[in-house]
Amino acid sequence: MNLPNQLTEREAIDPKLAVGSSLPNPKGLLAIVLALYLVNEEKDYLEYSDKSGNTIILKPSLITSLKAFFNGITGYSATEIDSLSSVNPLVEMQIEPLQVPLQLFWKIAKINILGTDSSSGERTGGVRFPKELFFTTNMDILKNVISNENGDITNTGKELIYSWLTNKNTPTNSADIEQKLTKTLSVFTEETLFKTWNNSTEIIFQQEGIYNAFDATNTTVDIRGTKEIKGTLRNLKSAISKGIHPYLKISSNNVELKNPSLATHFDSYQKKVSNYLDLNPKSIEIKIVETEEETNVDDVTILNKIYYGAPGTGKSHKVNELLKGKEERTERVTFHPEYDYASFIGGFKPITEVDAESGKEEIKYKFVPQTFTNIYVDAWNNKDNDYYLVIEEINRGNCAEIFGDIFQLLDRNSDYSITPSNELKQYLVKELTSADGIKGIENGKMKLPLNLNILATMNTSDQSLFPMDSAFKRRWDWEYIPINYEKSEENPSSNYQVVVSDSISFSWLEFIEKVNIKIKKNPNLGMDKCIGNYFIKAKDNNITLEEFINKAIFYLWNDVFKDEDDHIFEENTFYEDFFPIETKGKEKVLKILDKIGLNTPKKED
């Protein structure tokens, strides 16, 4: 007798509530996954990408299949499908920010780096590795939403997916299907866990928690709380802001009903969600820690972290936001090619002092501590407070030379220590005087205190200055700061205008989006050379033509396209051809806009 097998025991799922998982284009991600599932004959597995330099691209066979799938619909362009090879969320995004929406938020597919279950392979720089998808039954539900009664994908369904893929407005005849699709996706997310903060208290919730917070006097719900939004909550915020929720909209961090007329339908939906969750209970053990010091995820989990990305993405701004109110316990340094161990740790230097007996000035050699040693001493002597060492442009210096043997302490193993040089040891014995402080040189050994966090920024376009070895890189956590193309209140650069003349201006955000597509499609360049949102800092949301040419155009001509055949400039163009700016510069810029497809500059009144 062949009986069923016993219940499969599965590992608990990591909800990744603290992962920095930005999702700037949720529709684009959903669309490319759904399209690949359909052209792969609805199979459960797909190895979808190939290596291309430091990046990955969609397999050519999949591009061919996508062309055949969409050919014949309104608005179809083979060129737009070709561009998906290197420009879509599945090949651009890091593995962990892909896992959060696909596995935890929508639950439509598992995704791994090919050949490993590890999610840490892309933390150490801008390199991307080939990946594989394992589809779930939720994909069959999505397919049914865009199919007719015979199970065939309708043209209106294809046109909807194509509009999401290519970031276009939804076709009018696809509006009904889009409404069904967004409601289905929302149902998928009702079991998902989210986290926010009320000062030092964690609030773990599902969307039901938002629904239940509405009442007659409270028509909005603040989902941000008192700390930075992370993990699945970032995905929820992005989905709502892009219209992927049938009832809710969001302004800044405040969620509310799209329209009061939906109240009756929403009330019914809310009760059905509650009934569903009763049948799928989640028992969660949450440790509530009362003190801010112990629960502040941003502080505790930093320890050693490098924030990296293209130039101008806001890496330093991210660090500044994290350290607001902590400036008195923060030290900053900027690495550069001439920076060395003595500049970072300290060393013997000649010091002029007045001799106590003779009263004369004498030159003496003493150990002079530098930034690292100073904050090391402060952190050990004041264990009740967190301290922060910020290293700007970490890859512009020779890290092996600058850190020396200190780099081994970055492992953060409490049992691991090093023996410092004799002069550094003598200085620490003298300065570490508190009850906790003496542990910082206990038995003549150094080890990093847990209240000392080291944050660094790295511009990926400069990664070849001093390459970091793998032993150094693995001692850091890495967080990628992406370019934000979303037009929203939380993205100030979406309001930036480049002023060409009194009557002509154009969107800075649209410009960098068009140019970055060109850069990413070039296998010799890739993401590292893209332009970030704050590559130029606008004044009152305006960027002058002079600033634009002297910064953006110079960078693109000199550092990006100078030796490339496929570029944004006219043939035989030299940077000098943009001067004088008021005449030739204006003319050249307008021709660039036309070449990249941004040929409708705003006419100002």
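Further up the page is the structure itself.
Residues numbered from 1 in each chain as written. Predicted model: local features only at pLDDT ≥ 70, side-chain atom pairs only at ≥ 80, totals over all residues. Heavy atoms only, no water.

A.B. asks: Even after reading the chapter, I still don't get the packing of aromatic side chains, so can you show me in this structure?
C.D. replies: Centre-to-centre distance and the angle between the planes together describe a pair of aromatic rings. In the structure shown here, the tally under the stated rule is 40 aromatic pairs. An aromatic cluster of three or more residues is present, and its members are Phe335, Tyr339, Phe344, Phe372, Tyr376, Trp380, Phe403, Phe407, Phe472 and Trp476. A cation sits over an aromatic face here: Lys110 above Phe134, 5.4 Å from the ring centre. (Phe/Tyr/Trp six-rings, centres within 6.5 Å; stacked < 30°, edge-to-face > 60°. Lys NZ or Arg CZ within 6 Å of the ring centre and 35° of its normal.)

A.B. asks: Would you mind going over helix α14 (residues 315-322) with me for this structure?
C.D. replies: Three- or four-residue spacings in an α-helix give side chains the same orientation, since the helix completes a turn every 3.6 residues. For α14, the complete set of buried residues consists of Lys315, Lys318, Val319 and Leu322. One side of α14 holds all its buried residues, which, seen down the axis, span an arc of 95 degrees. (Buried < 20%, exposed > 50% of the residue type's maximum accessible area, 1.4 Å probe, protein only. Helix = DSSP H or I, 4+ residues; strand = E, 2+ residues; numbered from the N terminus. Arc of directions from axis to C-beta.)

A.B. asks: How should a nonpolar patch on the surface be read in this particular structure?
C.D. replies: Among the surface-exposed residues, Phe348, Ile363 and Tyr365 lie close enough to one another that they form a single nonpolar patch of about 390 Å² accessible area. Along the chain, the position of Tyr365 falls in strand β14 (residues 361-369). The exposure class of Tyr365 is exposed, given its relative accessible area of 59%. (Patch = residues over 30% accessible without salt bridge, like charges linked within 9 Å, V, L, I, M, F, W, Y side chains within 5 Å. Areas by Shrake-Rupley, 256 points an atom, 1.4 Å probe, with all protein chains shown as cover. Salt bridge = Lys/Arg side-chain N within 4 Å of Asp/Glu carboxyl O.)

A.B. asks: Looking at this structure, I do not really get the sheet that holds strand β9 (residues 248-251). What am I missing?
C.D. replies: Adjacent strands of a sheet form backbone hydrogen bonds with each other and so pair up, either parallel or antiparallel. Strand order in the open sheet made by the three strands is β8-β10-β9, with antiparallel pairing throughout. Two strands close off the open sheet at either side, each with one partner strand: β8 (221-222) and β9. Of the pairings in the sheet, the one linking β9 to strand β10 (residues 254-257) comprises four bridges and is antiparallel in character. Looking at β10, one finds that Ile250 is bridged to Val255. Helix α10 (residues 231-241) rests against β9 and β10 of the sheet, and its axis sits at about 105 degrees to β9. (Pairing = 2+ DSSP bridges. Contact = heavy atoms within 4.5 Å. Axes fitted to C-alpha atoms, helices over the stretch in contact; angles between N-to-C directions.)

A.B. asks: Help me out: how do you make sense of the packing of helix α5 (residues 95-105) against α10 in this one?
C.D. replies: Where α5 meets α10, the closest approach of the two axes is 10 Å, and the angle between their N-to-C directions is 85 degrees. The pairing of α5 with α10 is recorded here as roughly perpendicular in orientation. Residues Val100, Pro101, Leu104 and Phe105 of α5 pack against Gly231, Thr232, Asn235, Leu236 and Ala239 of α10. For the contact of α5 with α10, the class distribution of residues is six nonpolar, three polar and no charged. (Parallel < 35°, antiparallel > 145°, perpendicular 65-115°, else oblique. Nonpolar A, V, L, I, M, F, W, Y, C, P; charged D, E, K, R; others polar.)

A.B. asks: Is there a simple way to think about the pairing of strand β19 (residues 504-507) in this case?
C.D. replies: For a regular strand, the rule is simple: side chains alternate between the two faces of the sheet. Pairing geometry for strand β18 (residues 497-499) and β19, over three bridges, is antiparallel. Opposite Gln497, over in β19, you have Ser507 as the bridge partner. Between β18 and β19, which pair antiparallel one after the other, the connecting turn spans four residues.

A.B. asks: I would appreciate a short explanation of the packing of helix α16 (residues 371-381) against helix α18 (residues 422-431) in the present structure.
C.D. replies: Helix packing geometry: the angle between the two helix axes and the distance between the axes. Two elements in contact, α16 and α18, have axes separated by 11 Å at closest approach and are oriented at 35 degrees. As α16 packs across α18, the resulting crossing turns out to be right-handed. Across from Thr373, Asn374, Tyr376, Val377 and Asn381 in α16, the residues of α18 making contact are Leu424, Tyr427, Leu428 and Glu431. In terms of residue class, the contact of α16 with α18 is built from five nonpolar, three polar and one charged. (Left-handed = near helix turned anticlockwise from the far one by under 90°.)

A.B. asks: How should the pattern of salt bridges be read in this particular structure?
C.D. replies: Once their charged atoms are close, side chains differing in charge can pair, the charge on each being opposite to the other. Scanning the entire structure with this criterion turns up 24 salt bridges. With a shortest N-O distance of 3.8 Å, Asp436 and Lys439 are connected by a salt bridge. Lys591 is paired through a salt bridge with Glu570; the nearest N and O atoms lie 3.6 Å apart. Taken together, the residues Lys591 in helix α22 (residues 581-595) and Glu570 in the loop between α21 (545-560) and α22 connect sequence positions 21 residues apart.

A.B. asks: I would appreciate a short explanation of the nonpolar core in the present structure.
C.D. replies: In this structure, Phe344, Ile394, Phe403, Trp508, Phe511, Phe548 and Leu556 are the most contacted members of the largest nonpolar core, which totals 81 residues. For this core, the leading source of residues is α21, giving nine residues. Setting aside residues no more than four positions away along its own chain, Phe403 makes contact with Phe335, Tyr341, Phe344, Ile391, Leu410, Phe472 and Trp476. Grouped together as the second largest cluster of nonpolar side chains are 73 residues, Leu58, Leu62, Ile153 and Ile177 included. (Core = buried A, V, L, I, M, F, W, Y, C linked by side-chain atoms within 4.5 Å.)

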